[in-house]
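Chain by chain, the residues run as shown.
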Protein chains: 2
Amino acid sequence: MINMEAQKSFRFSFQFYHLLLILLLQSILSNSVLAIPHKIPRLTPHRETLTRRDPNKILSASAISDDFITLFYTQTIDHFNYGPQSYATFQQRYVINFKYWGGSNSPIFAYLGAEEQIDFDLQSIGFLSANARHFSALQVYIEHRYYGESIPFGTMEQAMNDISTRGYFNSAQAIADYAEVLIHIKDKFSAQNSPIIVFGGSYGGMLATWFRLKYPHIALGALASSAPILYFDNITPQNGYYSIVTKDFKEASKSCYETIRRSWAEIDKIASMQYGLSYLGNKFKICGPLHSPQELKGYLESIYTAAAQYNAPPEYPVSMICSAIDGEPTGTDILGRIFAGVNSYKKSYPCYHINDYSYQSESSLGWTWQTCSEMVMPLGRGINDTMFPPSPFNLDQFIKDCKSTYGVPPRPHWVTTYYGGHDIKLILRRFGSNIIFSNGLRDPYSSGGVLEDISQSILAVSTVNGSHCLDVLLPDQSDPSWLVEQRNKEIEIIDVWIAKYYADLLV
Amino acid sequence: MINMEAQKSFRFSFQFYHLLLILLLQSILSNSVLAIPHKIPRLTPHRETLTRRDPNKILSASAISDDFITLFYTQTIDHFNYGPQSYATFQQRYVINFKYWGGSNSPIFAYLGAEEQIDFDLQSIGFLSANARHFSALQVYIEHRYYGESIPFGTMEQAMNDISTRGYFNSAQAIADYAEVLIHIKDKFSAQNSPIIVFGGSYGGMLATWFRLKYPHIALGALASSAPILYFDNITPQNGYYSIVTKDFKEASKSCYETIRRSWAEIDKIASMQYGLSYLGNKFKICGPLHSPQELKGYLESIYTAAAQYNAPPEYPVSMICSAIDGEPTGTDILGRIFAGVNSYKKSYPCYHINDYSYQSESSLGWTWQTCSEMVMPLGRGINDTMFPPSPFNLDQFIKDCKSTYGVPPRPHWVTTYYGGHDIKLILRRFGSNIIFSNGLRDPYSSGGVLEDISQSILAVSTVNGSHCLDVLLPDQSDPSWLVEQRNKEIEIIDVWIAKYYADLLV
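Residues numbered from 1 in each chain as written. Chains lettered and ligands numbered in written order. Predicted model: local features only at pLDDT ≥ 70, side-chain atom pairs only at ≥ 80, totals over all residues. Heavy atoms only, no water.

Chain A is annotated in an unreviewed UniProt entry as Serine carboxypeptidase S28 family protein of Forsythia ovata.

So this is what it looks like as structure tokens:
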């Protein structure tokens, strides 16, 4: 088992790793500070420089207990084509843990990897290991193609630099991979009658939902944590995400919200003055020169959105930032308050890197491609409908930018064509079963989530105070009761699915 | 509307067209007379030479009424890849008939094309046009990629001769095509709330089933006629198909069955004699020389299986053959009786072509590829478990042969991986809805069909005396009451689906 104490600190790392992703995604989607990179940047190993991850607290791969066994499956590169190039294979990594498995008909819990290497999930996703004993479940964690050690065509750089080889990098191929791996595991361990429950968070939660819908003969049920499956096409209003960030800050403190809302014009005003940019750069302790007010505004925006998305106990970053903003002495100007907020969040760095173009993590590299090809999520905002400056999502421009970066345009309607999403209550009311959509309503992505029960077994489990993917992280002594209850409810629902399945087996 | 009188004669053509396919399929699968062609043969326009279709009775395309409008959709060649080659497009043909459509929320009936050009379906599939008025339904008939006028990469010959271009020719791509076309039609005709029911027969019935399961957000329900969705892997016994052929003949006449059963050894015996082959060739009026007893046996086998599969009223070919076999004067030898059976079935030809290698229809060309790549249906038979000589399905040999023909091996387990099939009652009991599996129990393919209700809305509608796809053909005055009842039951079930859907719309 993973060391529980070490785990605790990793919830932090996990959150900040995700923060990186959201930063990048937002910058792309809002067409603001960071333009879509017009070259696929090189991979560099400087992950830690962009996070506040404490290197002393990183759980090394070797520290994960021997109960986790790493295996590889020879995976088909293209499940939907029979041309000779489709038969190429790659080694797909999966990690398996038998410790609590009851063998034979006992359940298999499968975590479907998302846009990161599977090691990170082993270090942070706790739902499976915390409940494996209760369910006598085999644990399986499968890495998503093109991440970690499951990269076809050599290195990530090689895979991503070729306009043809990166074409196989999409969700339909990924869930077909999961289907093959899970069938292989059932065969290998003579577990034909073991019910499989799939788990995933965020993009991985979408994959879990879609896997249950597309492969019901493989997965009996799915727990989809913080999966914004409705943030496609025009199903969710563009400003859903930023509206919730805004609401989070407003609820934490009306005056904090007002300060932030008024800060953008203040930045523009100062930036337009002589030496204004230099003044702002100093004031916000930016490492290196500040090039434009947009750069600073994008940086601040990324802090607020990350704080809202990962507004988790016990720290609750939104409250932390607002306490600092509100806590400055009377007479402190707006930007003085904003800096105090940033400082409380960023803590002890001597200066802050706000735009390190030289670095792109494997995850951001992969996810940028995914959002620019298939996973087109229209996040934007209008005039005065959030606490942020306007930044509407412009699909035409987005398509143009992606095409200029990658040579091929995205297919913005494919997700709803293949997986659905429109009229989901009407569609799934009498079709499908056994999906839990869990959300924390303070998570900006919950705006694109399923928040109401659809049928007797397609259920929404939301928490008013929850943030992104909290329920699937490792439980902790300090967890608030609403989080404990959310998890217990999920366990009860899965218990019912499995009991019914065993009863059906006897029919 | 299609002329009803003309239609009647086309049921015949339809059946014989299908006969061609089954001939080819069987010859491949049984590794008997016809080996897998080791070269992709050229297309030739001699379709009629291999059927008993009366050219005077062929409904020309121009004779189909003006109510049928032919349109084309610019279709994506590869839905599951984002490499530049995936963005190639082709023109996919579909035919639409508004005559009875109620507009706005009224239903859309979509016939999903299978392994033939869509014209043939317009000439033979009658369920949609016969019931469009009752349902106020829009009729849509969509052609399957790589058939008819929906061939990517130029001609069928060009498409099939290239090892890369034919890779896109598979069912997952085909049903994704249907998804795009149907969404396009809904958009184009402002029919967002129109429930879509999909229809298909045989392979097309499998597509209809799978479409409902994979795209429930597009199709509300499916009528899958004679769809052997369980004839994959080892779900259905290999000899299921030939066992039913045998049963059909045995039930028609025990003595007829015995005559056939004993005929194979008789053929072998005579063939081994001096001039035996020549004698057999003359006896069976074979055009050109007979090369081996296997050739004759394969030819006879194909007649018996086609007669059983298309054992439709009013002719009932199995009874017809058996009457002829049994009707010969006392003292007629076995082969004399067998020839009388053949003659009654084949009717007036001066001599019979039993192996025309120079000709391959587009359908047989396409379907051979499909069965050699994805649709691997293990039809075989053992020693004395049918009225036929043994011919077990040997998967290893089959893979070897396909690989040697096409350069790539088939993926024999992909259908069950992607679509399921194993434990179907367990899986679909609590998942999915609104599928009718219709079968005629005299149809040898019913052995791989769903013959029991799975849930309240996944239903089996079988007829004891029915044959292949009878229910979806155009109704006729002479139809027996059990066939009329089968169709009425299907209509009632679809009525219920649609009524529930409209009620749900108001919730």
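Participant: Run through the packing of aromatic side chains, naming residues and quoting values.
Facilitator: In this structure the tally under the stated criterion is 66 aromatic pairs over all chains. Between phenylalanine 98 of chain A and tryptophan 101 of chain A the ring centres are 6.3 Å apart and the planes differ by 50 degrees, which places this aromatic pair in the tilted class. Given the relative accessible area of 28%, phenylalanine 98 of chain A is considered partly exposed. The buried category is assigned to tryptophan 101 of chain A, whose relative accessible area is 17%. Positioned over the ring face of tyrosine 215 of chain B is lysine 214 of chain A, at 4.5 Å from the centre of the ring. Geometry around tyrosine 418 of chain B places lysine 214 of chain B over its ring, the cationic atom sitting 4.0 Å from the centre. (Phe/Tyr/Trp six-rings, centres within 6.5 Å; stacked < 30°, edge-to-face > 60°. Buried < 20%, exposed > 50% of the residue type's maximum accessible area, 1.4 Å probe, protein only. Lys NZ or Arg CZ within 6 Å of the ring centre and 35° of its normal.)

Participant: I'd love a proper account of the relation of the copies chain B and chain A, names of residues and values included.
Facilitator: After a rotation of 180 degrees and a shift along the axis of 0.0 Å, chain B superposes on chain A with an RMSD of 0.0 Å. The transformation relating the two chain copies, once decomposed into turn and shift, fits a two-fold axis. Judged by C-alpha distance, glycine 432 of chain B is the residue of chain B that lies nearest the rotation axis, at 2.4 Å. Mapped onto chain A, 100% of the interface residues of chain B are again interface residues, and the two copies thus contact each other with one and the same surface. (Least-squares fit on C-alpha atoms with pLDDT ≥ 70 in both. Contact = heavy atoms within 4.5 Å.)

Participant: Quick rundown of the packing of helix 10 (residues 293-309) of chain B against helix 11 (residues 317-327) of chain B? Include the residues and the values.
Facilitator: Residues and elements named next belong to chain B. Closest axis-to-axis distance for the helix 10/helix 11 pair is 7 Å, and the angle between their directions is 135 degrees. By the criterion of interaxial angle, the relationship of helix 10 to helix 11 is oblique. On the side of helix 10, the interface is formed by Ile303, Ala307 and Ala308, while helix 11 contributes Pro317, Val318 and Ile321. Its residues assigned to classes, the contact of helix 10 with helix 11 shows six nonpolar, no polar and no charged. (Axes fitted to C-alpha atoms, helices over the stretch in contact; angles between N-to-C directions. Helix = DSSP H or I, 4+ residues; strand = E, 2+ residues; numbered from the N terminus. Parallel < 35°, antiparallel > 145°, perpendicular 65-115°, else oblique. Nonpolar A, V, L, I, M, F, W, Y, C, P; charged D, E, K, R; others polar.)

Participant: Explain the nonpolar core to me, using residue names and the numbers behind them.
Facilitator: In this structure, Phe211 and Phe249 of chain A together with Phe211 and Phe249 of chain B are the most contacted members of the largest nonpolar core, which totals 232 residues. Apart from the residues lying within four places of it in its own chain, the contact partners of phenylalanine 211 of chain A are Leu112, Ile175, Tyr178, Ala179, Leu182, Val198, Pro216, Ile218 and Ala219 of chain A. (Core = buried A, V, L, I, M, F, W, Y, C linked by side-chain atoms within 4.5 Å.)

Participant: How would you sum up the interface of chain B and chain A? Please name residues and give values.
Facilitator: Taken residue by residue, the interface counts 53 residues in chain B and 53 residues in chain A. The contact between chain B and chain A buries some 4,800 Å² in all, and 59% of this surface belongs to carbon and sulfur atoms. When residues of chain B are sorted by the area they lose upon contact with chain A, Tyr82, Arg411 and Phe431 of chain B head the list and together hold 18% of the total. Our count for the chain B to chain A interface comes out at four salt bridges. Between arginine 429 of chain A and aspartate 504 of chain B there is a salt bridge, with its nearest N and O atoms 3.0 Å apart. (Buried area = accessible area lost by both parts, 1.4 Å probe. Salt bridge = Lys/Arg side-chain N within 4 Å of Asp/Glu carboxyl O.)

Participant: An account of the sheet that holds strand 8 (residues 458-463) of chain B is needed here, citing residue identities and associated values.
Facilitator: Residues and elements named next belong to chain B. Pairing within the open sheet is mixed, and its eight strands lie in the order 1-2-4-3-5-6-7-8. Of all strands in the sheet, those with a lone pairing partner are strand 1 (68-76) and strand 8, marking the two edges. Within this sheet the neighbouring strands show an average axis-to-axis angle of 20 degrees, counted without direction. Bridge count for strand 5 (residues 196-201) against strand 6 (residues 221-225) is five bridges, and the pairing is parallel. Bridging across to strand 6, isoleucine 197 finds its partner in glycine 221. Set on the sheet, helix 6 (residues 203-214) makes contact with strand 3 (108-112), strand 5, strand 6 and strand 7 (435-440); between it and strand 5 the angle comes to about 150 degrees. (Pairing = 2+ DSSP bridges.)

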